[in-house]
Amino acid sequence: MQAFPNTFSSYRLGNLTLKNRIVMAPLTRQSAEDDGTPTDEMTAYYARRARGGVAMIISEGTYEEDALGCIAYLNQPGIANEKHIAGWRRTVDAVHACDVPIILQLMHGGRVSDPRCLFAGEAPVSASDTQSPGWVLYTDSDQEKYDRQVVGHWPKVTFPPARALSREEIFRIADGFAEGAARGMQAGFDGVEIHAANGYLLYQFVDPKQNLRSDEFGGSPENNIRFAKLVCERVREAIGPGKLITLRLSQDGVDDFGGAWPDGVRYAEALGRALADAQVDALHWSSFDWTDNRDPNSADPMPTVLRRASGKPVIVNGGIAEGPHAEQVITSGAGDLCAVGRPLFAHPDWPYIIRAGEPYNWIPFDRKYVIKPPYDYSCGYPLDLKRSVWPADLNLRRRHPEG
Ligand SMILES: Cc1cc2nc3c(=O)[nH]c(=O)nc-3n(C[C@H](O)[C@H](O)[C@H](O)COP(=O)(O)O)c2cc1C
């Protein structure tokens, strides 16, 4: 009998027929050229995962224009010009050759854009005049500090104060998303994902702690989600009804790990209701543990709440590392598709492994496998499935900087 029959059943999403319920989550690699052109390394990376059995790929976060502080980090890919289109086209063709659809994640960095990506004297932009608290990159252990030859304090990522966007700029940025989406269609993508999660600009509007506006773009759940909805609307106009649009949401952000919405599940319900008429084919819940709602008054996972309130299909993400996890997402009604990040990062054949009913030896999240200094995601997650097969002295091979 087929292991995990629900996970390996097909699903119709928009105009696409997906062969199973496993979607590759967006994973930033910072391996584009300095000018944002996608590279052959990226093509090989995505094609390898397409061959590994996923039903659909969501690209890493991509900037749609080189304006208004959109670029979030160094070597982030763009879809802002003809060169970017040509670069992405190679990746899209390679993924399509494996009969796997791929959609392009579009994002704006907002107040957590790497200051090195801003023009001289330019302030980052956000919902309101706020400043990101930044974060310390390496918090794991002294061993990690030793391994990385970090002497002194842990590197801290800091950001300058952000300025609130004007109404006109909000509409301008929404058009920027739409123009980027149209260029994405020229590159052959099957659709786009609008990134309103994880601490970036659209999330900064959704998060009531950061959105202090009193116009129609702030002050209530309906107003806080209005910018993301506007972007989806403009994108839909630009790419037409036949292409996929998904909208990614989360409760926490890169500078607010463990963050929670003050009204918890009630806030998610209100967002879901406001999204019922949004121009999206699916919502995508981003987290590190999909069962976790961080609301002491409710046991419902956030994706379950959003799905119920919006009536939209939901892609569920966060800690889905084994077949039973994926199966539970589908059978519990939390979502329709599972987005898998780090396991696919570590092992491109993850769908085949779990389909065979093999146990997957999950390597817990460890920043040292994904981030290297200073603030760079181009490091690889370990390919070995079992810690036990690693050499016992793995962490001791590098010389200590002081001795
Ligand atoms: C190295 C790395 C890069 C990521 N890049 C993105 C990104 O570009 N866009 C995004 O929405 N989420 C990004 N994420 C978040 C993942 O999509 C996902 O939400 C997270 O890894 C939890 O899912 P998992 O438990 O399946 O790994 C990234 C995560 C990691 C570890």
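Up top you'll find the structure we're talking about.
Computed from a predicted structure; not experimentally measured.

Some details on empty space enclosed by the protein
Thought 1: According to the stated counting rule, one finds 3 cavities of 30 Å³ or more in the structure shown.
Thought 2: Among the secondary structure elements, those contributing two or more residues to the lining of the second largest cavity are β12 (244-253) and β13 (282-286).
Thought 3: A class-by-class count of the residues in the lining of the second largest cavity yields 2 nonpolar, 3 polar and 4 charged.

Observations regarding the environment of Pro-208
Thought 1: Among the structural elements, Pro-208 can be located in the loop between α5 (201-206) and α6 (221-224).
Thought 2: Taking the relative accessible area as the measure of exposure, Pro-208 reaches 24% and is therefore partly exposed.
Thought 3: Once the C-alpha coordinates of Pro-208 and Gly-218 are considered, the two residues, 10 residues apart in sequence, prove to be 8.2 Å apart.
Thought 4: Beyond its immediate sequence surroundings of up to four residues, Pro-208 is in contact with Asn-224, Trp-261, Pro-262 and Tyr-267.

Observations concerning the pattern of salt bridges
Thought 1: Using the criterion set out here, one finds 22 salt bridges in the structure.
Thought 2: The closest approach of N and O atoms between Asp-281 and Arg-236, which form a salt bridge, is 3.0 Å. In this pair, Asp-281 is assigned in the loop between α8 (264-274) and β13 and Arg-236 in helix α7 (residues 226-239), connecting sequence segments 45 residues apart.
Thought 3: Within this structure, Glu-33, Asp-35 and Lys-83 form a network of salt bridges that share partners.

What to know about the pairing of strand β14 (residues 314-317)
Thought 1: Residues Val-314 and Val-316 of β14 are buried on one face, and the alternating residues Ile-315 and Asn-317, pointing to the opposite face, are buried as well.
Thought 2: For β13 and β14, the ladder comprises 3 bridges, and the chain directions are parallel. When the sheet's bridge partners are listed, Leu-283 is paired in β14 with Val-314.
Thought 3: Since β13 and β14 lie parallel, the crossover through helix α9 (residues 302-310) that links them has a hand, and here it is right-handed.
Thought 4: Direction of pairing for β14 relative to strand β15 (residues 337-340): parallel, over a ladder of 3 bridges. Note on β15: the bridge partner recorded for Val-316 is Cys-338.

Parameters at a glance
Residues numbered from 1 in each chain as written. Predicted model: local features only at pLDDT ≥ 70, side-chain atom pairs only at ≥ 80, totals over all residues. Heavy atoms only, no water. 1 Å grid on protein atoms, 1.4 Å probe; cavity = no way out; pocket = protein on both sides within 12 Å on 5 of 7 lines; lining within 4 Å. Points joined across faces, edges and corners; volume = space filled by probe spheres on them. Helix = DSSP H or I, 4+ residues; strand = E, 2+ residues; numbered from the N terminus. Nonpolar A, V, L, I, M, F, W, Y, C, P; charged D, E, K, R; others polar. Buried < 20%, exposed > 50% of the residue type's maximum accessible area, 1.4 Å probe, protein only. Contact = heavy atoms within 4.5 Å. Salt bridge = Lys/Arg side-chain N within 4 Å of Asp/Glu carboxyl O. Pairing = 2+ DSSP bridges. Right-handed = clockwise from strand over helix to strand, strands pointing away.

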